[in-house]
Amino acid sequence: MRIAVTYENEIIFQHFGHTEQFKLYDTENGKIVKTELVNTEGKGHGALSGFLVQAGVDILICGGIGGGAKAALSDVGIQLYGGVSGKADEAVNAYLSGNLNYNSDVHCDHHEHGHSCGEHRCGEDKHGCAGS
């Protein structure tokens, strides 16, 4: 199984559509067997689901994510665990042990406000990013 995490400086990046890097984790029997950092090459919201499909990703762990991106991931069969914050490696290990704290209703709906999620933590309930 291959898990992707939105990634910046060891931390889960909090705005899926602005992700510049993913950390990919290849897992077998509940253990991480290989990791790799990949650049998105400037692809944005709409193209990232295709990027993840090409990378062979089964699961995405991220912070905030908009409704269109959630739908695109669902359409291509990538399982989403959003609203997660903290260190990427710790989140993947928590997922593998069945203890990942995530928000199944996560959404990021503030794009019209003209700011990026880098100004706050989308996993927290600010600016409409965390879900209900």
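Before reading further, recall that the structure is shown in the block above.
The structure presented is a predicted model; accordingly, all values stated were derived computationally and were not measured.

With respect to the packing of aromatic side chains
A full pass over the atoms with the stated rule returns 4 aromatic pairs. An angle of 55° between the planes, with centres 6.3 Å apart, marks the rings of F16 and F22 as tilted. For the pair F16 and F22, one class covers both residues: buried. The interplanar angle of 80° and the centroid separation of 4.7 Å between the aromatic rings of Y81 and Y102 together place this pair among those described as edge-to-face. Of this pair, Y81 sits in strand β6 (residues 79–81) while Y102 is found in the segment after α3 (88–96), placing the two residues 21 residues apart along the sequence. Put simply, the rings of F16, F22 and F51 pair up and form one aromatic cluster.

A closer look at unusual backbone geometry
Excluding glycine, residues mostly have negative phi values, and the peptide bonds linking residues are mostly trans. Even without a glycine there, the phi angle at N9 is positive, about 55°. You can see N9 is positioned in the loop between β1 (2–8) and β2 (11–12). On the basis of relative accessibility, which here comes to 65%, the residue N9 falls in the exposed class. For N29, which is not glycine, the phi dihedral falls at a positive 50°. Assignment of secondary structure puts N29 in the loop between β3 (21–28) and β4 (31–39).

Regarding the environment of T40
Tracing the backbone through its elements, the reader meets T40 in the loop between β4 and α1 (45–54). Judged by relative accessible area, T40 falls into the buried class, the value being 1%. Spatially, the C-alpha atoms of T40 and F51 are 7.4 Å apart, while their sequence positions differ by 11 residues. Residues contacting T40, with those up to four places away along its chain left out, are T19, E20, Q21, F22, L48 and F51. Of the polar contacts made by the side chain of T40, one reaches the backbone oxygen of T19; its length is 3.0 Å.

What counts, and where the lines are drawn
- Residues numbered from 1 in each chain as written.
- Predicted model: local features only at pLDDT ≥ 70, side-chain atom pairs only at ≥ 80, totals over all residues.
- Heavy atoms only, no water.
- Phe/Tyr/Trp six-rings, centres within 6.5 Å; stacked < 30°, edge-to-face > 60°.
- Buried < 20%, exposed > 50% of the residue type's maximum accessible area, 1.4 Å probe, protein only.
- Helix = DSSP H or I, 4+ residues; strand = E, 2+ residues; numbered from the N terminus.
- Contact = heavy atoms within 4.5 Å.
- Polar contact = N/O pair within 3.5 Å; in protein donor to acceptor, adjacent residues only side chain to side chain.

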